[in-house]
Amino acid sequence: MAAFATAEACDSNAELISNGDLRALHPIFNIYGQRRCFSGPIVTLKVFEDNVLVRNQLETKGDGRVLVIDGGGSMRCALVGGNLGQLAQNNGWAGIVVNGCVRDVDEINDCDVGVRALGSNPLKSSKKGHGEKNVPVYIGGTLIRDGEWLYADSDGVLISKTELSV
């Protein structure tokens, strides 16, 4: 993605902000991965301390999409680690946003993918396969729907109802 700036997007899309079609997530996410700036259409997952669906989704072709994982804000274990970061890179995912934790931070930071998460925790998640995909999730103060667009850079994360002109 070429030098997209979330601050400029906010400045030039005041009407979209006022009508709710462009929303900024609360500034609660830490930045991981080599891509500090990324964007793409959103795929949503809702899981809790279980990353089987996360792996299943990242095993599919990403085609420049962004996986948004509502992990319930749990800080008790990680939903994404170095192996999943590498899988996301290899399968063409632009980024991953986790309302929860990651682990293997040094490995994730070596991956050519953008990752945002609440923090890191060395504990792995359970492997039961519970959760939902392609459902609306509430993260960072906003409702996020499958198929919307996510834009992230060092200033923050934006969610747009439609693709923005970059």
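Analysis parameters
Residues numbered from 1 in each chain as written. Predicted model: local features only at pLDDT ≥ 70, side-chain atom pairs only at ≥ 80, totals over all residues. Heavy atoms only, no water. Helix = DSSP H or I, 4+ residues; strand = E, 2+ residues; numbered from the N terminus. Buried < 20%, exposed > 50% of the residue type's maximum accessible area, 1.4 Å probe, protein only. Contact = heavy atoms within 4.5 Å. Areas by Shrake-Rupley, 256 points an atom, 1.4 Å probe, with all protein chains shown as cover. Polar contact = N/O pair within 3.5 Å; in protein donor to acceptor, adjacent residues only side chain to side chain. Core = buried A, V, L, I, M, F, W, Y, C linked by side-chain atoms within 4.5 Å.

## Here's the deal with the overall build of the chain
(1) Moving on: Assigned secondary structure in the chain consists of five helices and 12 strands.
(2) Moving on: Seen through its C-alpha atoms, the chain measures out along the principal axes to roughly 45 × 30 × 25 Å.
(3) Moving on: Within the chain, buried positions represent 49% of all 166 residues.
(4) Moving on: Taking all contacts inside the chain whose residues are at least 6 apart in sequence as the whole, residues at least 24 apart take part in 74%.
(5) Moving on: Carbon and sulfur atoms provide 47% of the accessible area of the chain, an area that totals close to 7,800 Å².

## Side note on the side chain of E148
(1) Moving on: Counting through the fold element by element, E148 comes out in the loop between strand 10 (142-144) and strand 11 (149-153).
(2) Moving on: For E148, a relative accessible area of 5% corresponds to the buried category.
(3) Moving on: A polar atom in the side chain of E148 sits 2.9 Å from the side chain of R23.
(4) Moving on: From its side chain, E148 meets the backbone nitrogen of R145 in a polar contact 2.9 Å long.

## Some thoughts on the nonpolar core
(1) Moving on: Core analysis: the biggest nonpolar cluster contains 23 residues, and V54, L58, I69 and V80 have the highest contact counts within it.
(2) Moving on: When residues of this core are traced back to their parent elements, those giving at least two are strand 3 (38-46), helix 3 (52-58), strand 4 (66-70), strand 5 (78-80), helix 4 (82-90), strand 6 (95-102) and strand 7 (114-120).
(3) Moving on: By size, the runner-up hydrophobic cluster in this structure holds 17 residues, among which are F38, V68, V137 and I144.

## A few points about the environment of I31
(1) Moving on: Structurally, the position occupied by I31 is in strand 2 (residues 30-32).
(2) Moving on: Put simply, I31 and G119 are 88 residues apart on the chain and 9.1 Å apart in space, counted from C-alpha to C-alpha.
(3) Moving on: Other than its neighbours up to four places away in sequence, I31 contacts R36, V115, R116, D153 and S154.

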